[in-house]
Amino acid sequence: MDEMPEYEFRDVYVPRGVSRKAATQLLTYHAEYGHWELDRLRLHPDGSRRVRLRRRIIRQLCATW
């Protein structure tokens, strides 16, 4: 039976005043080197952003040789 994939999450706070380009570079760094993907992004009225990243948890099966 196929199970639903399990994910781990990381919340990243980007304060106001950080440019869109700098925020994009930060999230790109997390995606390339940490294998994170964007789960949710909230833009607050004051200009700050709260980003939730996720990545799959890969469970290693026991060796059967």
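Report on the accompanying structure. (Residues numbered from 1 in each chain as written. Predicted model: local features only at pLDDT ≥ 70, side-chain atom pairs only at ≥ 80, totals over all residues. Heavy atoms only, no water.)

Here we come to the packing of aromatic side chains. A full pass over the atoms with the stated rule returns 1 aromatic pair. Plain terms: the ring middles of Tyr 29 and Tyr 33 are 5.0 Å apart, the flat faces sit at 50 degrees to each other, and that makes the pair tilted. In this pair, Tyr 29 and Tyr 33 both sit in helix H1 (residues 20-34), 4 residues apart, roughly one turn of the helix. You'll find Tyr 29 and Tyr 33 in the same group, each marked exposed. The ring of Phe 9 carries the charged tip of Arg 52 above its face, separated from the ring centre by 5.1 Å. Above the ring of Tyr 7, the side-chain terminus of Arg 54 is found at 4.3 Å from the ring centroid. (Phe/Tyr/Trp six-rings, centres within 6.5 Å; stacked < 30°, edge-to-face > 60°. Helix = DSSP H or I, 4+ residues; strand = E, 2+ residues; numbered from the N terminus. Buried < 20%, exposed > 50% of the residue type's maximum accessible area, 1.4 Å probe, protein only. Lys NZ or Arg CZ within 6 Å of the ring centre and 35° of its normal.)

Across its 15 residues, H1 extends 21 Å between first and last C-alpha, which sits within 8% of the 21 Å expected from 1.5 Å per residue. By the burial criterion, the buried members of H1 are Ala 23, His 30 and Gly 34. An end-on view of H1 places all buried positions within 40 degrees of arc, on one side of the element. Across from the buried face of H1, at angles greater than 90 degrees, the exposed residues are Arg 20, Lys 21, Gln 25, Tyr 29, Glu 32 and Tyr 33. Against strand E1 (7-14) and strand E3 (49-56) lie the buried residues of H1. Immediately beyond the C-terminal end of H1, within one or two residues, lies His 35, with a positive phi of roughly 60 degrees. (Expected span 1.5 Å × (residues − 1). Arc of directions from axis to C-beta. Contact = heavy atoms within 4.5 Å.)

Quick look at the sheet that holds E1 now. Taken in spatial order, the 3 strands line up as E1-E3-E2 in an open sheet, and their pairing is antiparallel. The sheet terminates laterally at E1 and strand E2 (37-43), the two strands that pair on one side only. Across the sheet, the mean angle separating the axes of adjacent strands is 20 degrees when strand polarity is ignored. Sheet analysis places E1 next to E3, joined by 8 bridges and oriented antiparallel. Bridge pairing in E3 places Arg 10 opposite Leu 53. Each of E1 and E3 touches H1; the most contacted strand, E3, lies at about 15 degrees to it. (Pairing = 2+ DSSP bridges. Axes fitted to C-alpha atoms, helices over the stretch in contact; angles between N-to-C directions.)

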